[in-house]
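# Descriptive structure summary
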Amino acid sequence: MGSTSWWTRADSRVLEAAIGLGLLLVGLFGVLFPILGVTGPLPPVDTREVRLADAAQLPGIPGAVALRGTDHAELVFAAPGFADRLLLVLPELVGNLLLVAILSILLQVARTFRGGDLFAPRNAPRLLAIAIALPLRGFLVPLAERICWPPGRRRRTPSASSPSST
């Protein structure tokens, strides 16, 4: 008695194309363009989205840093240096590099479906790598944000007597 699979070669191609398109878009817009914004060929990265719980003041040199918005705001630097631009994109870059790795492994898994074997033994280590990379991404992105933008340096809120860091 033979078994038939509902999975066809066309299904494999569509899945591979969808994962490949996602990989291309994340690689292009999530990795390459931010790197080019840091190194200089594209307009330099000079803004950072911040979320404000209450009114905020910006310490520092007037005109060098500006805050636009109320609840979801943009922190804009007038002339950021290379290190400043790198710190602005590092959390996003870390997350997107891990996402590229996850999508690359997922594409390798999808390619094994061509032969009709949906449970290929070589997919087990690949799925383990994805299972490790997903929580790692959830850990490393907030860690990179904390390193690049510690809470005391993100914003200052006014208090009754004097501004204090939050």
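Residues numbered from 1 in each chain as written. Predicted model: local features only at pLDDT ≥ 70, side-chain atom pairs only at ≥ 80, totals over all residues. Heavy atoms only, no water.

### Quick word on the overall build of the protein chain
For the protein chain, the count of helices and strands is 4 helices and 5 strands. Going from the N terminus to the C terminus, the protein chain shows its helices and strands as α-β-β-β-α-α-α-β-β. A buried classification covers 27% of the 166 residues belonging to the protein chain. Intrachain contacts of the protein chain at a sequence separation of at least 6 include 64% that bridge at least 24 residues. Counting only carbon and sulfur atoms, one obtains 66% of the accessible surface of the protein chain, whose full area is about 10600 Å². (Helix = DSSP H or I, 4+ residues; strand = E, 2+ residues; numbered from the N terminus. Buried < 20%, exposed > 50% of the residue type's maximum accessible area, 1.4 Å probe, protein only. Contact = heavy atoms within 4.5 Å. Areas by Shrake-Rupley, 256 points an atom, 1.4 Å probe, with all protein chains shown as cover.)

### A look at the side chain of Ser-12
Inspection of the secondary structure assignment puts Ser-12 in helix H1 (residues 9-39). When near neighbours in sequence (up to four residues on either side) are disregarded, Ser-12 contacts Trp-7, Phe-113 and Arg-114.

### Topic: the environment of Leu-97
Considering the arrangement of structural elements, one finds Leu-97 in helix H2 (residues 82-111). Judged by its relative accessible area of 46%, Leu-97 falls in the partly exposed class. Sequence spacing of Leu-97 and Val-26 is 71 residues, and the spatial spacing of their C-alpha atoms is 8.6 Å.

### Overview of the packing of aromatic side chains
Evaluation of the coordinates by the stated rule reveals 1 aromatic pair. Measuring from ring centre to ring centre gives 5.2 Å for Phe-29 and Phe-33, while their planes differ by 80°; the resulting arrangement is edge-to-face. Note that Phe-29 and Phe-33 are positioned in helix H1 at a spacing of 4 residues, about one turn of the helix. For Phe-33, a relative accessible area of 33% translates into the label partly exposed. (Phe/Tyr/Trp six-rings, centres within 6.5 Å; stacked < 30°, edge-to-face > 60°.)

### Brief notes about the packing of H1 against H2
Direction vectors running N to C along H1 and H2 enclose 165°, while the axes themselves pass 8 Å from each other. One finds that H1 runs roughly antiparallel with respect to H2. The hand of the H1/H2 crossing is left-handed. Looking at side-chain class alone, the contact of H1 with H2 contains 20 nonpolar, 7 polar and 4 charged residues. (Axes fitted to C-alpha atoms, helices over the stretch in contact; angles between N-to-C directions. Parallel < 35°, antiparallel > 145°, perpendicular 65-115°, else oblique. Left-handed = near helix turned anticlockwise from the far one by under 90°. Nonpolar A, V, L, I, M, F, W, Y, C, P; charged D, E, K, R; others polar.)

### A closer look at the pattern of salt bridges
The full count for this structure, using the stated rule, is 1 salt bridge. A salt bridge links Arg-114 to Glu-16, with the shortest nitrogen-to-oxygen separation between them at 2.8 Å. Residue Arg-114 is found in the loop between H2 and helix H3 (123-148), and its partner Glu-16 is found in helix H1; the two are separated by 98 residues along the sequence. (Salt bridge = Lys/Arg side-chain N within 4 Å of Asp/Glu carboxyl O.)

### With respect to the nonpolar core
Core analysis: the largest hydrophobic core is formed by 7 residues, namely Val-38, Val-45, Leu-75, Leu-88, Val-89, Cys-148 and Trp-149. With near-sequence residues (within four places) excluded, Val-89 lies in contact with Pro-34, Val-38 and Val-45. In terms of nonpolar packing, the next biggest core, distinct from the first, is built from 6 residues, Ile-19, Val-26, Leu-103 and Leu-107 among them. (Core = buried A, V, L, I, M, F, W, Y, C linked by side-chain atoms within 4.5 Å.)

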